[in-house]
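Summary of the model geometry
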Amino acid sequence: MFKKILIANRGEIAVRILRACREMGIASVAVYSDVDRTSLHVRHADEAYPIGAATASESYLNIGKMLDVARRSRAEAIHPGYGFLSENPQFAQACADAGVKFIGPTAAAMEMMGSKTRARQAMQAAGVPLVPGSARGLELGEMARLAGEVGYPVMLKAAAGGGGKGMRLVRSAGELESAFQAARSEAERAFGDGEVYLEKFIENPRHIEMQVLADEHGQTVYLGERECSIQRRHQKVLEESPSPIVGPEMRRQMGEVAVRVAQAAGYTNAGTVEFLVDQQKNFYFLEMNTRLQVEHPVTELITGLDLVHLQVRIAAGERLPFAQNDVLIRGHAMECRIYAEDPDNNFFPSPGRITLLLTPAGPGIRRDSGMYEGWTVPLDYDPLLAKLIAYGTDRQQTIMRLRRALHEYFVGGIKTNIPLFRRILRDPEFAAGKIDTGFLERLLARPEADPVRKDHGPVAAVAAGIFALLDSSTGGSPVSPARNGASAGATQGATWKQVARQEARR
Ligand code: MV4
């Protein structure tokens, strides 16, 4: 086993990996940028090295600095977490060349999955179900022909993309040419690669992914699915396992396909196979994420496994300590991603100092967090602060526990999306498991019930008091006797504004 591991990341995931290291008796090395000197991951580590300016390219994305710290600290392995260098094949290769074990798949497996067209070709050859479309990049003429064949609407995607970047929905033949040019130039600008391919468009799909683990001795297992349909602008917000629509038979089929995907890619360590699922529950391979994911805790809770321990053991050359038949799924888990952003202001990032932090606990609650009271949230990175994860015997109990924990959670000094979760978890469609990738957009388009109107009795009494006071002090103005008391809805706002202005002048 490794004696020392470098964690090439920050925030809650660095804390998560540091915890595993300590449990395993492995010494840990943290790295930190200038703005992370006082961050939680630095405190949990045995050693910590500064790696430069806040800008990620100078610190957490800098391959040379990361390998320099590995050499100076004599770390034998590097865990990349998620984001930053975690899916960078050049980094995985540089680690291998430097004799440091990268805790993840090989550079070759990562590279194959990095190109969506290469992955589609390999998966088509392996008999994996794909969304109908092209397995390679196309020119406009070929694209028009194929789009006619599979039928509109179609989706254009960048081969180098993923996660929603460089995608274009095309509803009819007339829109194809301009969408094609736009997709190509966007892909060229974003990835330096203008290759664009085509898929039939799946209306209101679900996003369901399968966790896999593969050791370096040829054994691959699946650990159940995660339902990730609650997203906003391709950013996941809430995840759960099991999916409300996946039963044992569908799980076995998806799991076996996911294992086939991993084996066709020569995949090792932890990975996630993403599927699009249509309204008839047909599932199609979308892409493979070659890293430990943000939402891994829901799988840990329903399987009882520790994915980070297993990643480390696999990277050290150990065999998987169990077989597929030993993997049992029990209960239900649900995760809320707590972001430092303001849901009332278009989800704008809300950095700043955390002046008061009240944290939930109690039965069935797990919290993976990178924040503490008094810490200042930097604005330089992804604003994920923490993950609140609930576990229960079934979905209903899990939802009640999560609602209870969200009621307890208080983060003062900054804005967070905690109120959004309270709203999602009260929604009847959500409670019924009727969710797809359009759920959150539909929820946000509905105006929230006005909390003031619910107590209109006391509010009306206070208003009447103010009106009476103003009436006596200003000789009747600004509230005309005709409108006093029972004013119509449309004029009410204007009256209030008048009163407020009057108040301000006093
Ligand atoms: C699609 C699709 C419908 N049809 N492909 C978005 C992210 C990227 N990973 C793939 N995405 C989609 N691909 C076809 N052929 C709809 C989406 C999509 C989506 C997928 C997963 C989760 C959320 C989504 C939100 C909008 C669109």
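Residues numbered from 1 in each chain as written. Predicted model: local features only at pLDDT ≥ 70, side-chain atom pairs only at ≥ 80, totals over all residues. Heavy atoms only, no water.

Here the focus is the site of the ligand. Residues in close proximity to the ligand total 18 residues, the closest being Lys157, Glu199, Lys200, Ile202 and Gln231. Contact between the ligand and Lys157: a nitrogen atom at 2.9 Å from a side-chain N or O atom of the residue. Between the ligand and Glu287 there is a distance of 3.4 Å, counted from a nitrogen atom to a side-chain nitrogen or oxygen. Relative to its unbound accessible surface of 520 Å², the ligand loses 90% to contact with the protein. Going through the elements one at a time, β6 (154-158), β8 (196-200) and β13 (283-289) are the ones with two or more residues in the shell around the ligand. For the shell around the ligand, the per-class residue count stands at eight nonpolar, six polar and four charged. Split by domain, the shell around the ligand shows at least three residues from each of two domains, domain 2 (132-200) and domain 3 (206-445). (Near = heavy atom within 4 Å. Polar contact = N/O pair within 3.5 Å; in protein donor to acceptor, adjacent residues only side chain to side chain. Areas by Shrake-Rupley, 256 points an atom, 1.4 Å probe, with all protein chains shown as cover. Helix = DSSP H or I, 4+ residues; strand = E, 2+ residues; numbered from the N terminus. Nonpolar A, V, L, I, M, F, W, Y, C, P; charged D, E, K, R; others polar. Domains from an automatic or database assignment.)

Right, let's talk about empty space enclosed by the protein for a bit. Taken as a whole, this structure holds one cavity of 30 Å³ or more when the rule is applied. Within this model, the largest cavity holds a volume of roughly 50 Å³. Lining the largest cavity we find 15 residues, and of these Ile103, Gly104, Pro105, Thr290 and Arg291 sit closest to its centre. Among the residues forming the lining of the largest cavity, the class breakdown is eight nonpolar, six polar and one charged. For the lining of the largest cavity, the domains that each give at least three residues are domain 1 (4-103) and domain 3 (206-445). (1 Å grid on protein atoms, 1.4 Å probe; cavity = no way out; pocket = protein on both sides within 12 Å on 5 of 7 lines; lining within 4 Å. Points joined across faces, edges and corners; volume = space filled by probe spheres on them.)

Counting buried positions along helix α10 (residues 296-303) yields seven of eight residues, so the element is predominantly enclosed. Where α10 is concerned, the buried positions are His296, Pro297, Val298, Thr299, Glu300, Ile302 and Thr303. Of the residues trailing α10, Gly304 is marked for its positive phi of about 75°. (Buried < 20%, exposed > 50% of the residue type's maximum accessible area, 1.4 Å probe, protein only.)

Attention shifts here to the pattern of salt bridges. Considering all chains together, one arrives at 35 salt bridges under this definition. Note that Arg395 and Glu240 form a salt bridge whose closest N and O atoms lie 2.8 Å from each other. Linking Arg395 in helix α12 (residues 395-408) with Glu240 in strand β11 (residues 235-241), this pair joins segments that are 155 residues apart in sequence. A salt bridge links Asp368 to Arg366; its shortest N-O distance comes to 2.9 Å. Residue Arg366 is classed as buried on the basis of its relative accessible area of 19%. Here the salt bridges do not stand alone but share partners, grouping Glu209, Arg226, Lys236, Glu239, Glu295 and Arg337 into one network. (Salt bridge = Lys/Arg side-chain N within 4 Å of Asp/Glu carboxyl O.)

Strand order in the open sheet formed by five strands is β3-β2-β1-β4-β5, with parallel pairing between adjacent strands. Pairing within the sheet leaves two strands with one partner each, and these edge strands are β3 (47-50) and β5 (101-102). (Pairing = 2+ DSSP bridges.)

Enumeration over the complete set of coordinates arrives at seven aromatic pairs. Pairing Phe91 with Phe102 gives two aromatic rings, centres 5.9 Å apart and planes at 85°, and the pair type is edge-to-face. Of the two residues, Phe91 sits in helix α4 (residues 89-98) while Phe102 sits in strand β5, which places them 11 residues apart along the sequence. We note that Phe91, like Phe102, is buried. With a centroid separation of 6.2 Å and 50° between ring planes, the pair formed by Phe430 and Phe439 is classed as tilted. Using a relative accessible area of 0% as the deciding quantity, one classes Phe430 as buried. Residue placement shows Arg43 over the ring face of Tyr372; its charged tip is 5.0 Å from the ring centre. (Phe/Tyr/Trp six-rings, centres within 6.5 Å; stacked < 30°, edge-to-face > 60°. Lys NZ or Arg CZ within 6 Å of the ring centre and 35° of its normal.)

Attention now moves to the packing of helix α3 (residues 63-73) against α4. It is the contact of α3 with α4, at a shortest axis distance of 11 Å, that shows an interaxial angle of 30°. When the axes of α3 and α4 are compared, the pair comes out roughly parallel. As for the relative orientation of α3 and α4, their crossing is right-handed in sense. Here α3 contributes Ile63, Met66 and Leu67 to the contact with α4, which in turn contributes Gln90, Phe91, Ala94, Cys95 and Ala98. Partitioned by chemical class, the residues of the contact of α3 with α4 number seven nonpolar, one polar and no charged. (Axes fitted to C-alpha atoms, helices over the stretch in contact; angles between N-to-C directions. Parallel < 35°, antiparallel > 145°, perpendicular 65-115°, else oblique. Left-handed = near helix turned anticlockwise from the far one by under 90°. Contact = heavy atoms within 4.5 Å.)

Purely spatial values, then, with no claim about function.
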